[in-house]
Amino acid sequence: MNVQTIMVIGAGQMGSGIAQVCAMANFKVYLHDLKEEYVQKGVASIAAQLSRQVNKGRMTPEDRDGVLDRLLPSTSIQNAAEADLIIEAVVENMDVKTQVFKMLDEMAPEHAILASNTSSLPITEIAAVTKRPEKVIGMHFMNPVPVMKLVEIIRGLQTSDEVYETIESITKKIGKVPVEVQDFPGFISNRILMPMINEAIFALYEGVAEPEAIDEIMKLGMNHPMGPLTLADFIGLDTCLYIMETLHEGFGDDKYRPCPLLRKYVKAGWLGKKTGKGFYTYN
């Protein structure tokens with residue numbers, strides 16, 4: 001399957017990162033969001049990242065300009081008609097994602113592949129709202145996208161071999177390492193990561209240690225680059241809670257029960273770095 005034009009839905013941190021690496025791999029890329037200001041913020045973020053690469057001597061100014069030339073801002077979902085591959089990177093909410101996929105299924109050409117950057121939601125369920133479930137697949141990028149090498153590729157129940165092979169090839173072309181995963185709640189990355197973070201929150205909740213001590217033990221004792229509570233703040237505590245709820249509901253196993261302290265912080269609006277307060281306070 002020949003993919004030349006990619007559309008990324010959602011110009012936030014993940015979406016703009018995905019658009020950047022695709023444009024750097026010589027794909028024509030539409031970066032789409034609901035409002036012009038969101039799109040321009042995403043484009044500005046990409047431009048700033050590329051300029052830093054130029055300043056470090058890792059990229060020429062001509063190469064940077066070429067990447068930006070291949071990046072097309074979009075606020076019209078009609079642009080989906082031009083795409084061979086559409087990568088959805090909107091909020092981690094099943095209702096929102098299924099609405100997006102219904103629209104894309106109507107707008108996109110018959111041959112187009114529809115991919116979701118979901119970190120935990122079932123691809124089979126997302127695919128079921130389309131008339132092309134064999135062309136729906138998961139591409140779970142890691143954050144920050146330009147730096148992290150892994151992409152979890154998740155097959156839905158009906159995802160075709162041709163579609164999988166196409167996405168595997170594109171993943172390699174954009175400089176990432178594809179790893180095949182079957183469609184189970186949380187896939188592999190979050191099925192392992194989120195219970196670890198949740199257990200760290202339980203340790204804090206039970207008064208076993210302070211946040212700094214918990215993080216230091218995991219950094220120095222387990223060689224993790226970032227402690228679990230710092231990482232939770234970076235991811236967003238609302239996202240952590242949503243993924244834990246997805247795991248708990250999907251498996252029906254109480255080992256995935258979200259810690260009450262996590263729920264309390266989310267209800268208080270303490271969502272981590274993005275709100276200035278989570279397990280730590282940020283200026």
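Residues numbered from 1 in each chain as written. Predicted model: local features only at pLDDT ≥ 70, side-chain atom pairs only at ≥ 80, totals over all residues. Heavy atoms only, no water.

- As recorded in an unreviewed UniProt entry, the protein chain goes by the name 3-hydroxybutyryl-CoA dehydrogenase, listed as coming from Fictibacillus enclensis.
- Checking UniProt for the protein chain, the heading Pathway (unreviewed entry) contains the comment "Lipid metabolism; butanoate metabolism."
- Note on the protein chain: under the UniProt heading Sequence similarities (unreviewed entry), the record states "Belongs to the 3-hydroxyacyl-CoA dehydrogenase family." (UniProt positions renumbered as here; feature names shortened; annotations may be inferred.)

## A word on the pairing of strand E8 (residues 177-182)
Line of reasoning, step 1. Bridge count between strand E7 (residues 150-155) and E8: six bridges; the pairing is parallel. Paired with Leu150 across the bridge in E8 is Val177.
Line of reasoning, step 2. As a crossover connection, the stretch from E7 through helix H6 (residues 161-173) into E8 is right-handed. (Pairing = 2+ DSSP bridges. Helix = DSSP H or I, 4+ residues; strand = E, 2+ residues; numbered from the N terminus. Right-handed = clockwise from strand over helix to strand, strands pointing away.)

## Observations concerning the UniProt feature "domain: 3-hydroxyacyl-CoA dehydrogenase NAD binding" (unreviewed entry) in the protein chain
Line of reasoning, step 1. Within the UniProt annotation, "domain: 3-hydroxyacyl-CoA dehydrogenase NAD binding" (unreviewed entry) is assigned to residues 6-183.
Line of reasoning, step 2. Secondary structure content for residues 6-183 is 41% helix and 22% strand, while the C-alpha to C-alpha distance between its ends is 24 Å.

## Comments concerning the packing of helix H7 (residues 189-205) against helix H11 (residues 260-267)
Line of reasoning, step 1. At their nearest, the axes of H7 and H11 sit 8 Å apart, and the two run at 90° to each other. Judged by the angle between their axes, H7 and H11 are roughly perpendicular. Of the residues in H11, those touching H7 at Asn198, Ile201, Phe202, Leu204 and Tyr205 are Pro260, Leu261 and Leu262.
Line of reasoning, step 2. Broken down by class, the residue content of the contact of H7 with H11 amounts to seven nonpolar, one polar and no charged. (Axes fitted to C-alpha atoms, helices over the stretch in contact; angles between N-to-C directions. Parallel < 35°, antiparallel > 145°, perpendicular 65-115°, else oblique. Contact = heavy atoms within 4.5 Å. Nonpolar A, V, L, I, M, F, W, Y, C, P; charged D, E, K, R; others polar.)

## Focus: the domain arrangement of the protein chain
Line of reasoning, step 1. Domains assigned within the protein chain are domain 1 (5-182) and domain 2 (189-274).
Line of reasoning, step 2. Between the C-alpha centres of domain 1 and domain 2 the distance comes to 27 Å.
Line of reasoning, step 3. Each partner contributes to the interface: domain 1 provides ten residues, whereas domain 2 provides six residues.
Line of reasoning, step 4. For the pair domain 1 and domain 2, the summed buried area comes to about 640 Å², and 55% of that belongs to carbon and sulfur atoms.
Line of reasoning, step 5. Interface area lost by domain 1 to domain 2 is led by Glu92, Ser119 and Ser120, which between them contribute 47%.
Line of reasoning, step 6. Where domain 1 meets domain 2, there are zero salt bridges.
Line of reasoning, step 7. Across the domain 1-domain 2 interface, the total number found is four residue pairs in polar contact (both at pLDDT 80 or more).
Line of reasoning, step 8. Taken together, the residues that form the side of domain 1 that touches domain 2 break down as three nonpolar, five polar and two charged. (Domains from an automatic or database assignment. Buried area = accessible area lost by both parts, 1.4 Å probe. Salt bridge = Lys/Arg side-chain N within 4 Å of Asp/Glu carboxyl O. Polar contact = N/O pair within 3.5 Å; in protein donor to acceptor, adjacent residues only side chain to side chain.)

## Points about the pairing of strand E2 (residues 28-32)
Line of reasoning, step 1. Of all five residues making up E2, four are buried, and the element is well covered by its neighbours.
Line of reasoning, step 2. Regarding topology, helix H1 (residues 13-24) serves as the crossover connection from strand E1 (residues 5-9) to the parallel E2, and that connection is right-handed.
Line of reasoning, step 3. Here E2 runs beside strand E3 (residues 71-74); their pairing, made up of four bridges, is parallel. Of the residues in E3, the one forming a bridge with Leu31 is Pro73. (Buried < 20%, exposed > 50% of the residue type's maximum accessible area, 1.4 Å probe, protein only.)

## Regarding the pattern of salt bridges
Line of reasoning, step 1. In this structure the tally under the stated criterion is eleven salt bridges.
Line of reasoning, step 2. A salt bridge links Arg64 to Asp65; its shortest N-O distance comes to 3.3 Å.
Line of reasoning, step 3. By relative accessible area, Asp65 is classed as partly exposed at 36%.
Line of reasoning, step 4. With a shortest N-O distance of 2.7 Å, Asp105 and Arg132 are connected by a salt bridge. Taken together, the positions of Asp105 in helix H4 (residues 94-107) and Arg132 in the loop between helix H5 (123-127) and strand E6 (136-141) put the pair 27 residues apart, joining distant regions of the chain. Exposure class is identical for Asp105 and Arg132. Each is buried.
Line of reasoning, step 5. Bridged by salt links that share partners, the residues Glu88, Glu92 and Lys97 form one connected network.

## What to know about H4
Line of reasoning, step 1. Over its 14 residues, H4 runs 20 Å from end to end, which matches the ideal 20 Å to within 8%, given 1.5 Å per residue.
Line of reasoning, step 2. Residues Met94, Lys97, Thr98, Val100, Phe101, Leu104 and Asp105 constitute the buried set of H4. When H4 is viewed along its axis, its buried side chains cluster within an angular range of 160° and face the same direction. In H4, the exposed positions angled more than 90 degrees off the buried face are occupied by Asp95 and Glu106.
Line of reasoning, step 3. Buried residues along H4 sit against E1, strand E4 (85-88), strand E5 (113-116), H5, E6 and helix H10 (237-251).
Line of reasoning, step 4. Two to three positions downstream of the cap, the backbone nitrogen of Asp95 sits 3.0 Å from a side-chain oxygen, assigning the N-cap of H4 to Asn93. (Expected span 1.5 Å × (residues − 1). Arc of directions from axis to C-beta.)

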